[in-house]
Amino acid sequence: AEGPGDPAAFSATQSDINAQYYITASDIMSENDKFMGKWTFSTKNAVANGSFQELAFSGMLSATFSACNKLATLDMSYDVMQVMQLLQGCQHGSSLSMPITPNSIDMALSSPPSPEPRVVINCQEPHQLVNVNPAWQAMWGHSQSQTEGRTLSQMMTLGFGRSEGCGSLGLAAERASASALEHAVAEVKQSRASEVTVGFYDRGGDVVVCHLTVVPL
């Protein structure tokens, strides 16, 4: 006899997951033999089959036609990182099991904010801090207004948020951290990600050693 937990019983009582692409006339542009438009992908019955949510995302389509009105080329593009996040949401709900490194400022500042401490830094010297998320603020004890406009190098010196009698990185360690960050920034300027281990001072002036993943946006 089949019970509720049997795969055969589950497939017999649930509808198949349907996936479809669609495009509306208002999203179409054409000129001569070229055709462009926005398409949308969506699922139906995914939630009924165990997903936390339906999957839906958009992309762009570009097509060209021959002189005989036959399809010659068809290109479909979409945001891969966005789809990865949506797929994780379908599998785990609001609690994502695998962090995704942002590749744009919009994703880095997305809502809800990432539980990972994140900071957005200007790639141009003197590399000022642009934005710090709530997790970063909680870890360091510095608010957005206190950090905006400052530089990472200031966080590695005795003058930023340091109180008397607290630990010290030491001059050699400060120089090593500064050198590591310079290398990471150089990699980012070449559109390459980098990982470094550096020391900073928190609001109380205590030394905090961090492993950073630095990626270009």
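Residues numbered from 1 in each chain as written. Predicted model: local features only at pLDDT ≥ 70, side-chain atom pairs only at ≥ 80, totals over all residues. Heavy atoms only, no water.

Draft legend 1. Inspection of the overall build of the chain at higher detail. Assigned secondary structure in the chain consists of seven helices and nine strands. Expressed as a percentage of its 217 residues, the buried residues of the chain come to 28%. Taking the contacts inside the chain whose residues are at least 6 apart along the sequence as the reference set, 39% of them involve residues at least 24 apart. Total accessible area on the chain is roughly 13800 Å²; 54% of this is exposed by carbon and sulfur atoms. (Helix = DSSP H or I, 4+ residues; strand = E, 2+ residues; numbered from the N terminus. Buried < 20%, exposed > 50% of the residue type's maximum accessible area, 1.4 Å probe, protein only. Contact = heavy atoms within 4.5 Å. Areas by Shrake-Rupley, 256 points an atom, 1.4 Å probe, with all protein chains shown as cover.)

Draft legend 2. Just the pairing of strand β3 (residues 34–44), in detail. With five bridges joining them, strand β1 (residues 18–22) and β3 adopt antiparallel strand pairing. Across the sheet, the residue bridging to N18 is K44, located in β3. Bridge count between strand β2 (residues 28–31) and β3: four bridges; the pairing is antiparallel. Pairing of I28 across the sheet is with G37, part of β3. Hairpin remark: β2 followed by β3, antiparallel, with two residues in the connecting loop; positive phi at N32, about 55°. Sheet topology note: the β3/strand β4 (residues 56–65) ladder contains nine bridges and is antiparallel. Among the inter-strand pairings, K34 is bridged to a residue of β4, identified as T64. (Pairing = 2+ DSSP bridges.)

Draft legend 3. Seen up close, helix α2 (residues 80–92). Here α2 spans 18 Å end to end across 13 residues, near enough to the 18 Å set by a 1.5 Å rise per residue. Within α2, burial applies to M81, V83, Q88, G89 and C90. (Expected span 1.5 Å × (residues − 1).)

Draft legend 4. Seen up close, the side chain of T147. If you trace the backbone, T147 turns up in helix α5 (residues 144–147). With a relative accessible area of 1%, T147 lands in the buried category. With near-sequence residues (within four places) excluded, T147 lies in contact with L129, V132, W136 and H142.

Draft legend 5. Structural detail: the nonpolar core. Counting residues in hydrophobic clusters, the biggest one holds 11 residues: L129, V132, W136, W140, A180, L181, A184, V196, V198, F200 and C210. Secondary structure elements with two or more residues in this core: β7 (129–132), α4 (134–140), α7 (171–189) and β8 (194–201). (Core = buried A, V, L, I, M, F, W, Y, C linked by side-chain atoms within 4.5 Å.)

Draft legend 6. A look at a nonpolar patch on the surface. A cluster of nonpolar residues, Y21, F65, L71, L74 and M76, forms a patch on the protein surface that exposes about 490 Å² of accessible area. Counting residues per element, the nonpolar patch draws most heavily on strand β5 (residues 71–78), at three residues. By the element assignment, F65 lies in strand β4. (Patch = residues over 30% accessible without salt bridge, like charges linked within 9 Å, V, L, I, M, F, W, Y side chains within 5 Å. Salt bridge = Lys/Arg side-chain N within 4 Å of Asp/Glu carboxyl O.)

Draft legend 7. Spatial organisation of the environment of W140. With respect to the secondary-structure elements, W140 resides in helix α4. Judged by relative accessible area, which is 3%, W140 ranks as buried. W140 sits 23 residues away from P117 along the chain, and the two C-alpha atoms are 9.4 Å apart.

Draft legend 8. Highlighting the packing of aromatic side chains. Under the criterion given, the structure shown has six aromatic pairs. Relative to F57, the ring of W39 lies with its centre 5.8 Å away and its plane at 75°, an arrangement referred to as edge-to-face. One end of the pair, W39, is in strand β3; the other, F57, is in strand β4, and 18 residues separate them in sequence. The exposure classification of W39 matches that of F57, with both residues buried. Seen in terms of ring centroids, W39 and Y78 are 6.3 Å apart; in terms of plane orientation they differ by 75°. Their pairing is edge-to-face. Placement of W39 in strand β3 and of Y78 in strand β5 is noted, with a sequence separation of 39 residues between them. These aromatic residues form a ring-pair network of at least three members: Y21, W39, F41, F57 and Y78. (Phe/Tyr/Trp six-rings, centres within 6.5 Å; stacked < 30°, edge-to-face > 60°.)

Draft legend 9. Structural context of the environment of V198. Topologically, V198 is positioned in strand β8. Taking the C-alpha atoms as reference points, V198 and L212, 14 residues apart in sequence, are found 7.6 Å from one another. Leaving out residues up to four positions away in the same chain, V198 has contacts with S177, A180, L181, V208, V209, C210 and L212.

That is the geometry; function is a separate question.
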